[in-house]
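Residue strings, one per chain:
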There are 2 protein chains.
Amino acid sequence: MAQSIKDQVAVIGVGCIKFGDNVDQGYEDMAVEAAFAAFNDAKIGPEEIDAAWLGTYSPAQGHGKAAVSLGDALRLYNKPISRVENFCATGTDAFRHAVMAVAAGLYDMALVLGVEKYKDRPGRGLAREGVHPYHNDGSTAPGLFALAATRYMHTYGLSRESLAKVSVKNHYNGSLNPKAHLQKKVSTEEVLTAPIVAYPFGLYDCCPTTDGAAAVVVCRSDLAKEYRDDYMLVKGVGLSVTSGRPFMDPTYDYLGFQATQHASAQAYAMAGITDPLAEIDVAEVHDCFTWTEITNYEDLGFAPKGQGAGLIEEGRTALDGDMPVNPSGGLKSFGHPIGASGVRMVYEIVTQLRGQAGLRQVADPRLGLVHNVGGPGAVSCVAVLGQP
Amino acid sequence: MAQSIKDQVAVIGVGCIKFGDNVDQGYEDMAVEAAFAAFNDAKIGPEEIDAAWLGTYSPAQGHGKAAVSLGDALRLYNKPISRVENFCATGTDAFRHAVMAVAAGLYDMALVLGVEKYKDRPGRGLAREGVHPYHNDGSTAPGLFALAATRYMHTYGLSRESLAKVSVKNHYNGSLNPKAHLQKKVSTEEVLTAPIVAYPFGLYDCCPTTDGAAAVVVCRSDLAKEYRDDYMLVKGVGLSVTSGRPFMDPTYDYLGFQATQHASAQAYAMAGITDPLAEIDVAEVHDCFTWTEITNYEDLGFAPKGQGAGLIEEGRTALDGDMPVNPSGGLKSFGHPIGASGVRMVYEIVTQLRGQAGLRQVADPRLGLVHNVGGPGAVSCVAVLGQP
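### Considerations on the overall build of chain A
For chain A, the helix and strand inventory stands at 13 helices and eleven strands. Here the C-alpha atoms of chain A give a radius of gyration of 19 Å, agreeing with the 21 Å that 2.2 N^0.38 yields for 388 residues. Projected onto its principal axes, the C-alpha coordinates of chain A cover approximately 55 × 45 × 45 Å.

Okay, here's the thing in structure tokens:
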């Protein structure tokens, strides 16, 4: 039987650039800024890195190759560097790969770098045409997630008002975060009256198109104390693929994402978590659309299926709730440069666990969760991080 | 200090389809045939696979996503599946990732699947424009490798006749291999008088454009005996990035590839190899062009720099030599569907180590090597496999 790698790997450095419409930064500029922020945070130089992983989903011409966009950008030569790609779970899965390699004992210290540049390119829908499995049918991410959201709303009686509360919460959190793309509060009325993108999603139900980069340095946990006292441990990781095209699967119920259920089950088993709502103190989850956050609550085991909206209605996932979700502002406000997002979430959870999150700090977290779902619905990657 | 994972992972199944112009097979058809060949070889069903890696370098529209092209194609659901991409080392690096994850103890058994479909698409040069770092300058793989080959020929006095011997050897080997793309012998005169593609490379100095897929099943070495007696062990793996653009590096000597030197040094250190020429019994190396095989001899430590041609001149790398190289026919004759190649090389080395290579079987190999270099020159991945 497979073994747990709980507590074998530590996070000793995190870095994240300001996300947004970074007109003054190219892909490599963002990569370098994020990586050196993580190096500085870990108080190491790049020469201490034994291996590296690049998470980039849909690179523009000339970018996204591990050797070019990580090796050359950081002058990190004669090292093992790989690129991992896994839909919207690209960044988290790059982190998972670094964790596995360090846990295997192959490397003492590794860099995970997530980067994506979208704002100087054709619309994401166009950019995706070359790589996305729902090809040539005109489908887009908002349109596909909307199919599930409307089915869910019909089944469980969820309203657009409830969806709007996710947007209001995450925009509020983002308004407190100097690195978020959209640092503005929105009101329920603004969300409900915004132009419709794909019913039930209005403009403020959808995450923006964003440039960004984030980086994480991991090392063997028995070495972590040499670098800092407040290192954090990787408690669990999980990855699961449901189907590359769940929306074309006749057995799909359109009410949530099995990939998230399975990926989180793997991570919880490794971390020894049996009651995620009680045990996890803070979570960064994949709120590409407002409905996605509500189904995530359920698929991650925070609430029974169909009852996720209760958590947002009752304020339990707000900054001052008992289960704060997306204190960073989430994809909704922080932005979603795909390969960067998962790594940025690790940055946020580690920052929260260290108690360094400033105005958006949640109360005394000991255990935090990172979650992406992509495809849409094809794949999910989950990581659990915690205090030593 | 990082630890060795020598002997922790075993190969218990290998599969490879007929490479070529596979007009009757789509990308997923090839994936399924290769994967089930490996499952059948391991005498397992797909349900025994705990995790999987897909190696595809430049997927066409709608293909190459882990969840779609591996998960859906094999109906392998609710499992962790990732895609790795690393230039021409994509397949070998996918294998390396599966080995690391099993060595970490996270999974008992993993599938590595390399697939690429090129023959029904625009020329590889065109296909590469969107992703290659040497963008917009008209450069191609033959043109770039030719720059190094001509410099090498000038420096060390290598002739086109010596290059041709690599082509004659590999075409001969491929003529014995029912799965090779080009199963035909060529004479030295045919190689030398073929149309020039990029001097010094004529048509028969260049590997063809090919469709193909290959798969490997790895498991914890302590479980291998449950599946077969003639399992093989992973002795070492290595990956190194020199620069994403070595041909633009003013310090590059154009005489070989540092990435290969570093990747093989990592793998040899792990495997405990100090004299590769004496210790390794059979090798599959990256002969994208005839000159590449000669510089590989040197960069892999089989010969001092500038003296690699001696090995081909003296017949030492022929099937009946003391260091057979590319008994499969190599990229030159077997073909080079990029993501598939590294996995196909693992298939060949395992087949040779088992003594099941038929007409192309080399004498009693105990230790074999797999090598890719890509980018060109940006990255190299090496694996060493051996008898228990």
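There's more to say after this.
### Considering the relation of the copies chain A and chain B
Aligned on chain B, chain A shows an RMSD of 0.0 Å; the corresponding rotation is 180° and the shift along the axis is 0.0 Å. The transformation relating the two chain copies, once decomposed into turn and shift, fits a two-fold axis. For chain A, the minimum C-alpha distance to the rotation axis belongs to alanine 104 of chain A and amounts to 1.8 Å.

### Side note on the pairing of strand E8 (residues 232-241) of chain A
Two faces belong to every sheet, and in a regular strand the side chains alternate between them. All names here are of chain A. Of all the ten residues making up E8, ten are buried; the element is thus mostly covered by neighbouring parts of the structure. Across two bridges, the pairing between strand E1 (residues 9-16) and E8 is antiparallel. Note that in E8 the partner of valine 11 across the bridge is methionine 232.

### Topic: the packing of helix H3 (residues 90-103) of chain B against helix H13 (residues 338-354) of chain B
All names here are of chain B. Their axes nearest at 5 Å, the elements H3 and H13 cross at an angle of 60°. It follows from the interaxial angle that H3 and H13 lie oblique. Contacts between H3 and H13 involve Thr90, Gly91, Thr92, Ala94 and Phe95 from the first element and Ile338, Gly339, Ala340, Ser341, Gly342, Val343 and Val346 from the second. Of the residues belonging to the contact of H3 with H13, the class tally is six nonpolar, six polar and no charged.

### With respect to the pairing of strand E10 (residues 367-374) of chain A
Residues and elements named next belong to chain A. Along E10, eight of the eight residues are buried, which leaves the element largely enclosed by surrounding structure. The alternating pattern of E10 places Leu367, Leu369, His371 and Val373 on one face and Gly368, Val370, Asn372 and Gly374 on the opposite face, and all of these are buried. The pairing of strand E9 (residues 282-284) with E10 spans three bridges and is parallel. Each residue of the ladder has a partner; that of alanine 283, found in E10, is leucine 369. Note that E10 and strand E11 (residues 379-386) share eight bridges and pair antiparallel. If you follow glycine 374 over to E11, its bridge partner there is valine 379. Counting the residues that bridge the hairpin from E10 to E11 gives four residues, and of these glycine 375 lies at a positive phi of roughly 130°.

### Considering the domain arrangement of chain A
Residues and elements named next belong to chain A. Looking at chain A, the domain boundaries give domain 1 (9-123 + 211-226) and domain 2 (132-207 + 232-386). The centre of domain 1, based on its C-alpha atoms, is set 23 Å off from the matching centre of domain 2. Taken together, the contact between domain 1 and domain 2 spans 38 residues of the former and 35 residues of the latter. Every element with two or more residues in the side of domain 1 that touches domain 2 is listed here: E1, helix H3 (90-103), strand E4 (109-116) and strand E7 (212-220). Top contributing element to the side of domain 1 that touches domain 2 by residue count: H3, with eight residues.

### What about unusual backbone geometry?
Residue proline 376 of chain A is bonded to the preceding glycine 375 of chain A through a cis peptide linkage, with omega at -20°. For proline 376 of chain A, the location among the structural elements is in the loop between E10 and E11. Positive phi values are uncommon outside glycine, yet lysine 43 of chain A reaches one of about 55°. Mapped onto the secondary structure, lysine 43 of chain A falls in the loop between helix H1 (27-42) and strand E2 (51-55). What makes lysine 43 of chain A exposed here is the crowd of 12 C-beta atoms within 10 Å. Phi angles above zero are rare outside glycine, and asparagine 78 of chain B is one such case at about 60°. In this structure, asparagine 78 of chain B sits in the loop between helix H2 (66-74) and strand E3 (81-85). What makes asparagine 78 of chain B partly exposed here is the crowd of 16 C-beta atoms within 10 Å.

What counts, and at which threshold
- Residues numbered from 1 in each chain as written.
- Chains lettered and ligands numbered in written order.
- Predicted model: local features only at pLDDT ≥ 70, side-chain atom pairs only at ≥ 80, totals over all residues.
- Helix = DSSP H or I, 4+ residues; strand = E, 2+ residues; numbered from the N terminus.
- Rg over C-alpha atoms; globule rule 2.2 N^0.38 Å.
- Least-squares fit on C-alpha atoms with pLDDT ≥ 70 in both.
- Buried ≥ 20, exposed ≤ 12 C-beta atoms within 10 Å, placed from the backbone.
- Pairing = 2+ DSSP bridges.
- Axes fitted to C-alpha atoms, helices over the stretch in contact; angles between N-to-C directions.
- Parallel < 35°, antiparallel > 145°, perpendicular 65-115°, else oblique.
- Contact = placed C-beta atoms within 7 Å.
- Nonpolar A, V, L, I, M, F, W, Y, C, P; charged D, E, K, R; others polar.
- Domains from an automatic or database assignment.

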